[in-house]
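As a plain string of letters, each chain reads:
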Amino acid sequence: MRKLILSLFLLAATFASAQQYDLVLEGGRVMDPETGLDAIRNVGVRDGKIARISSEPLTARRTVHAAGLVVAPGFIDLHQHAQDLASQRVKAFDGVTTALEMEIGAPDVTQFLKAKEGRSLIHYGTAASYVAARSLVFGAPLPAGTILPKTGPATDQHATPEQIAAILQRLCTELDAGGLAIGMGIQYTPGATRSEVLDIFHLAAERRLPVYTHIRSAGRVEPGSSIESISEVIGAAAITGASLHIVHVNSSCLRDSLECLSMVEGARARGLDVTTEAYPYIAGMTAVNSAVFSPGWQERMGITYSDLLLPETGERLTKERFDELHNSTIEHWVVVFGNSQEIVDKVIPNPLVMIASDGAEGHPRNAGTYSRVLAQYVREKQTITLMNALRKMSFMPAEMLERSTPAARQKGRLQEGADADIVVFDPATITDRATFDKPMEPSTGVHFLVVAGTILIDEGKIVPNVFPGQALLGPGKLSATHN
Ligand SMILES: [Zn+2]
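Model, not experiment: these values are computed from the prediction. Each chain carries its own residue numbering, running from 1 in the written order of its sequence. Given that the model is predicted, a residue must reach a pLDDT of at least 70 before its local features are reported, and side-chain atom pairs must reach 80 or more before they are shown or counted; all residues, however, enter totals for whole chains, interfaces and linings. Only hydrogens and water are set aside when side-chain values are computed; all heavy atoms of the structure are taken into account.

S.K.: Quick one: what's the story with the packing of aromatic side chains, residue by residue and with numbers?
M.R.: Stacked, tilted and edge-to-face are the three classes applied to pairs of Phe, Tyr and Trp rings, where Trp contributes its six-membered ring and a pair requires centres within 6.5 Å; stacked means planes under 30 degrees apart, edge-to-face means over 60, and tilted covers the rest. Considering all chains together, one arrives at ten aromatic pairs under this definition. Aromatic side chains Phe 293 and Phe 322 sit 5.9 Å apart centroid to centroid with 70° between the ring planes, which places their arrangement in the edge-to-face category. With a gap of 29 residues between them, Phe 293 in the loop between β13 (283–287) and α11 (297–301) and Phe 322 in helix α12 (residues 319–326) connect regions that are remote in the sequence. In this structure, Phe 293 and Phe 322 share a single accessibility class: buried. When the ring of Trp 297 is compared with that of Phe 322, the centres are 4.9 Å apart and the planes differ by 35°; the resulting orientation is tilted. Separated by 25 residues along the polypeptide, Trp 297 in helix α11 and Phe 322 in helix α12 bring together distant segments of the chain. Phe 322 matches Trp 297 in its accessibility class, with the two residues each being buried. Helix and strand assignments come from DSSP, with helices taken as H or I runs of at least 4 residues and strands as E runs of at least 2, each series counted from the N terminus. Per-residue accessibility, obtained with a 1.4 Å probe over protein chains only, is compared with the maximum for each type, and a residue is labelled buried under 20%, exposed over 50%, and partly exposed between these values.

S.K.: Please give an account of the pattern of salt bridges that cites residues and values.
M.R.: Pairing is possible between side chains of opposite charge, provided their charged atoms come close. By definition here, a salt bridge exists when the distance from a side-chain nitrogen of Lys or Arg to a carboxyl oxygen of Asp or Glu is within 4 Å. Tallied over the full model, the rule gives 24 salt bridges. Its salt-bridge partner being Arg 216, residue Glu 232 comes within 2.9 Å of it at the nearest N-O pair. Separated by 16 residues along the polypeptide, Glu 232 in helix α8 (residues 226–240) and Arg 216 in the loop between β10 (211–214) and α8 bring together distant segments of the chain. Of the two residues, Glu 232 and Arg 216, neither departs from the other in class, the shared state being buried. For Arg 372, the salt bridge identified is with Asp 432, shortest N-O distance 3.0 Å. Highlighted residues: Arg 372 in helix α14 (residues 365–380) and Asp 432 in the loop between β18 (422–425) and β19 (446–451), separated in sequence by 60 residues.

S.K.: Tell me about the environment of Gln 80, residues and numbers included.
M.R.: On the secondary structure map, Gln 80 appears in the loop between β6 (75–77) and α2 (85–93). The spatial distance from the C-alpha of Gln 80 to the C-alpha of Ile 104 is 9.6 Å, given a sequence separation of 24 residues. In what follows, residue pairs with any heavy atoms lying within 4.5 Å of each other are defined as contacts. Excluding residues within four positions of it along the chain, Gln 80 makes contact with Ser 87, Lys 91, Ala 99, Leu 100, Glu 101, Ser 357, Gly 359 and Asn 366. A distance of 3.1 Å separates a polar atom in the side chain of Gln 80 from a polar atom in the side chain of Ser 357. The term polar contact refers here to a pair of N or O atoms within 3.5 Å; inside protein, the definition further demands a hydrogen-donor-capable atom paired with an acceptor-capable atom, and it admits residues adjacent in sequence only when both atoms are side-chain atoms.

S.K.: Help me get a handle on the coordination of the zinc ion, residues and values and all.
M.R.: Note that water is not among the atoms considered, so a metal site may appear incomplete; the donors listed are N, O and S atoms within 2.8 Å of the metal, with 3.2 Å applied to Na, K and Ca. Only Glu 103 (OE), His 214 (ND1) and His 248 (NE2) from the protein coordinate the zinc ion, and they sit 1.7 to 2.3 Å from it. In the primary structure, the donors to the zinc ion are separated according to the pattern E-x110-H-x33-H. Separated by 111 residues along the polypeptide, Glu 103 in strand β7 (residues 96–106) and His 214 in strand β10 bring together distant segments of the chain. Across this residue pair, the class does not change: Glu 103 and His 214 are buried.

S.K.: I'd like a rundown of the packing of helix α7 (residues 194–206) against α8, residues and numbers included.
M.R.: Two elements in contact, α7 and α8, have axes whose closest approach is 9 Å; the angle formed by their N-to-C orientations is 45°. Put simply, α7 runs oblique to α8. Judged by the twist between their axes, the crossing of α7 over α8 is right-handed. Across the interface between the two elements, Arg 194, Val 197, Leu 198, Phe 201, His 202 and Ala 205 of α7 pack against Glu 228, Glu 232, Val 233, Ala 236, Ala 237, Ile 239 and Thr 240 of α8. Gly counts as polar in this scheme, as do all residues outside two lists: the nonpolar Ala, Val, Leu, Ile, Met, Phe, Trp, Tyr, Cys and Pro, and the charged Asp, Glu, Lys and Arg. Looking at side-chain class alone, the contact of α7 with α8 contains eight nonpolar, two polar and three charged residues. Lines fitted to the C-alpha atoms define the axes, with helices restricted to the stretch that makes contact. Angles between their N-to-C directions range from 0 to 180 degrees. Convention used here: angles under 35 degrees read as roughly parallel, angles over 145 as roughly antiparallel, angles from 65 to 115 as roughly perpendicular, and any remaining angle as oblique. In this scheme the crossing of two helices becomes right-handed for a clockwise turn of the near helix relative to the far one and left-handed for an anticlockwise turn of less than a right angle.

S.K.: Quick rundown of the packing of α14 against helix α15 (residues 386–401)? Include the residues and the values.
M.R.: Packing of α14 against α15 leaves a shortest axis separation of 10 Å and a crossing angle of 155°. Taken together, the axes of α14 and α15 lie roughly antiparallel to each other. Two packed elements cross with a definite hand, and for α14 against α15 that hand is right-handed. Taken together, the residues of α15 that come into contact with α14 (itself represented by Tyr 370, Val 373, Leu 374 and Val 378) are Leu 386, Ala 389 and Met 393. Classifying every residue of the contact of α14 with α15 by side-chain character gives seven nonpolar, no polar and no charged.

S.K.: Tell me about helix α4 (residues 130–137), residues and numbers included.
M.R.: Counting buried positions along α4 gives six out of eight residues, so the element sits mostly inside the fold. Where α4 is buried, its residues meet β7, β8 (123–129), α5 (153–156), α6 (161–176), β9 (182–185) and α7. N-capping of α4 is provided by Ser 129, with a side-chain oxygen placed 3.0 Å from the backbone N of Ala 132.

S.K.: Tell me about the state of the cysteines, and name the residues and values.
M.R.: By disulfide we mean two sulfur atoms from cysteines, separated by a distance within 2.5 Å. Tallying each qualifying case throughout the model produces one disulfide. Note that Cys 253 is cross-linked by a disulfide to Cys 260, the S-S spacing being 2.2 Å. Handedness of the Cys 253-Cys 260 disulfide follows from its S-S torsion of about -95°: it is left-handed. For the pair Cys 253 and Cys 260, a shared accessibility class is recorded, and that class is buried.

S.K.: I'd love a proper account of the sheet that holds β8, names of residues and values included.
M.R.: At least two bridges found by DSSP between two strands is the condition for calling them paired. On the basis of which strands lie adjacent, the open sheet formed by eight strands has the order β6-β7-β8-β9-β10-β11-β12-β17 and parallel pairing. Each edge of the open sheet is held by one strand with a lone partner, namely β6 and β17 (353–355). Sheet twist, expressed as the mean angle between neighbouring strand axes with direction ignored, is 30°. The strands touched by α14 are β6, β7 and β17; relative to β6, the strand with the most contacts, the crossing angle is about 125°.

S.K.: Give me the lowdown on the pairing of strand β12 (residues 274–278), citing residues and values where you can.
M.R.: β12 sits mainly inside the fold: five of its five residues count as buried. Here β12 shows two buried faces, one formed by Val 274, Thr 276 and Ala 278 and the other by Thr 275 and Glu 277. Alignment of strand β11 (residues 244–246) against β12, held across three bridges, turns out to be parallel. Each residue of the ladder has a partner; that of His 245, found in β12, is Thr 275. For β12 and β17, the ladder comprises three bridges, and the chain directions are parallel. The residue of β17 that forms the bridge with Ala 278 is Ile 355.

Listed below in structure tokens is the structure:
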């Protein structure tokens, strides 16, 4: 009798709770890279969280039929420069639910967060920008809307001890404003001495936050090779104890990408917290008036003028055009064809490599990175399993992000209690469509995208006038709000 009452009670409880879901994703192939779950399940979403994952039927105000589709954690892009709505829209079609500016960082964290509050399609956040802090201290603040300094005294000169103190002070302010890490584009400030780099890493270690870095140089010319540049930042991590994330190993190490990966592997084997990422394209992109193109760039990177493409006009550069753009105070970004397909194809499947887009308008990686991995490496070349691809695109970046905020523990997972940031896609058809000619073509194959429990892509179409994206904040801001 008692058993019967208990069963009746449980049955009633089940019915009551079943009615409470805001959304159910029904009958999809639910994949969670942390636990390895890969099974047909129903997913119940309530109050922005994944409330239930079950083989039992669940009912809700809205039921989405996901049979034949993969239901996975929304992708987390640690490296996204363009933060405007047009870029967020193409990111959403690429399966991305969180896109953070961690490599360089927004020049002003407070302004960045304020501008996005209530107006963001997907989750956002930023590192504190070392290059912006340095420019500011040198009296050459970055022009509005730009993130990289034009080459000049602020990028090329050594800083005095007073200037370094002021840079550190500015970075502290930015971390207190909610910066998730220190973003350090060392190649954009070649005047930074090794000692200055160590000072910045020391600050990160003190604040228990990671350094995301674009290393000092790329190529094989010594001194200043990719190998030397990786050694510099791994050394700084070892000396200071700061966690280190090396961005786009593909474009910073080019032909030596595999050697650079083995260096990361070696550092990790000796207990250092060093991680890395890549994007699946043979070209990079950056500001043509930045220090990346200071004299000697052809020899360093093994490329020439015609390897540079100006997306605004579609032209390949000549010496004359390059000089004009390089000397301009207006920031033009150029696509840089500097890598080979063979290298990229070896880098992307490497188990140490997370996927991150380095997205900015003008390069197809902004819109196509994640679908391209699923189409080319999972489906066509079959060099990555679907689960491992999901791991590289959601769980690994979430784990990296846990070094910056405990909120990341609820991301990158398709588990009960996790944030309802979910991508529902067709693994048989998902495809990137952005090209170097048409870099903003959205990917196809994402049927539904759920951001914090809100449907942003519904039956393959973006839902107008919803802005479910929320800020991810570093501990400086979290402790400030708790005071
Ligand atoms: Zn970079």
